Amino acid sequence: MFGSKRHHLRVTDSTNTFARSLILESAEEGTAVTAEYQTAGRGRHDRVWESNPWKNLLVSFVIYPSRNIEEWGGLPLMTGLAVAETISLFSHRRAMLKWPNDVLVGGKKISGILLESGSSPGPWAVVGIGINVRQKEFGGDFYNLPTSISLEGGSDVTPEMVYDSLCGALDKWYAIWCEEGTHAIAASWKEQTDMLGRPCVYIENGEERTVTPGDINDDGSLSVENTDGSFESLYSGDISIRLRSRPNDKYGSE
Ligand code: BTN
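Let us look at the structure shown here. (Residues numbered from 1 in each chain as written. Predicted model: local features only at pLDDT ≥ 70, side-chain atom pairs only at ≥ 80, totals over all residues. Heavy atoms only, no water.)

On to the packing of helix α3 (residues 159-180) against helix α4 (residues 183-191). Helix-helix packing: each pair is described by the crossing angle between the helix axes and the interaxial distance. Close contact between α3 and α4 brings their axes to 8 Å; oriented N to C, the two are set at 135 degrees. Relative to α4, the element α3 lies oblique. Side by side, α3 and α4 meet where Trp173, Ile176, Trp177 and Glu180 of the first sit next to His183, Ala184, Ile185 and Ser188 of the second. For the contact of α3 with α4, the per-class residue count stands at five nonpolar, two polar and one charged. (Axes fitted to C-alpha atoms, helices over the stretch in contact; angles between N-to-C directions. Helix = DSSP H or I, 4+ residues; strand = E, 2+ residues; numbered from the N terminus. Parallel < 35°, antiparallel > 145°, perpendicular 65-115°, else oblique. Contact = heavy atoms within 4.5 Å. Nonpolar A, V, L, I, M, F, W, Y, C, P; charged D, E, K, R; others polar.)

So this is what it looks like as structure tokens:
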């Protein structure tokens, strides 16, 4: 289903923006938009997503999730699982997840996921995924360093190979989520992260505080313990979490 129809563009502003325009034309579920270059690639928190031409996978999928909107917090989790599985396959290194949907290899960011959703003309979501495939140098000032499949041991891997594998992995994890819900993927997600039980910096509206994530709730939210011993659930919305560096880490990661 993922990639059943595909629009491949040499250049576009953002594949997410293009995919959103297809919803108005009743694009079928799983329709993919890929691009070789984006002039205005978008990341979370209104950041820019930059990618050198022809080097990386830039893709957005249109979906119409049938589960209740309260369960949609599982979508970033199922996407992260599919992306991590694909990256591990090609890089031969274990890709780890950071809630809600960052994918890291060796503490460096190898992929970004931007989920956008709406309710008109009916419930829809666009799953935007950038995977660094064969870019070896990255400009810019990053809190956590970027990396790519080729830098992590995957030689001769092309964005097209990654795309084919990613579609299969998304088919698998999306089917589990559609049939059984978020709780069915939470266990797999927890096996793929090292952030539970580890103090993190939680940033909300520019304010930082320390929280210790303990669990993933059935709605996909993150259960954390505050420094005063109280507990709360965090929802993905517009929040940012940074793993606190361990003594031997050179860089933190966001
Ligand atoms: C993040 O901030 O980590 C999310 C980055 C998401 C980037 C991808 S690239 C394909 C798709 N099109 C976009 O404009 N953004 C997403």
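So, next bit.
Counting 53 residues, the largest nonpolar core has Phe61, Met78, Ile87, Val103, Ile129, Ile131 and Leu166 as the members making the most contacts within it. Excluding residues within four positions of it along the chain, Val103 makes contact with Gly80, Val83, Ala84, Ile87, Ala95, Met96, Leu97, Lys108, Lys109, Ile110, Ser111 and Ile113. Formed by 10 residues, the second largest nonpolar core is a distinct cluster that contains Leu9, Ile23, Ala35 and Val126. (Core = buried A, V, L, I, M, F, W, Y, C linked by side-chain atoms within 4.5 Å. Buried < 20%, exposed > 50% of the residue type's maximum accessible area, 1.4 Å probe, protein only.)

To continue, consider α4. Those residues of α4 not exposed but buried are Ile185, Ala186 and Trp189. The buried residues of α4 occupy an angular sector of 115 degrees when projected down its axis, which confines them to one face. Tucked into the core, α4 has its buried residues touching α2 (74-91), β4 (96-98), α3 and β9 (207-216). (Arc of directions from axis to C-beta.)

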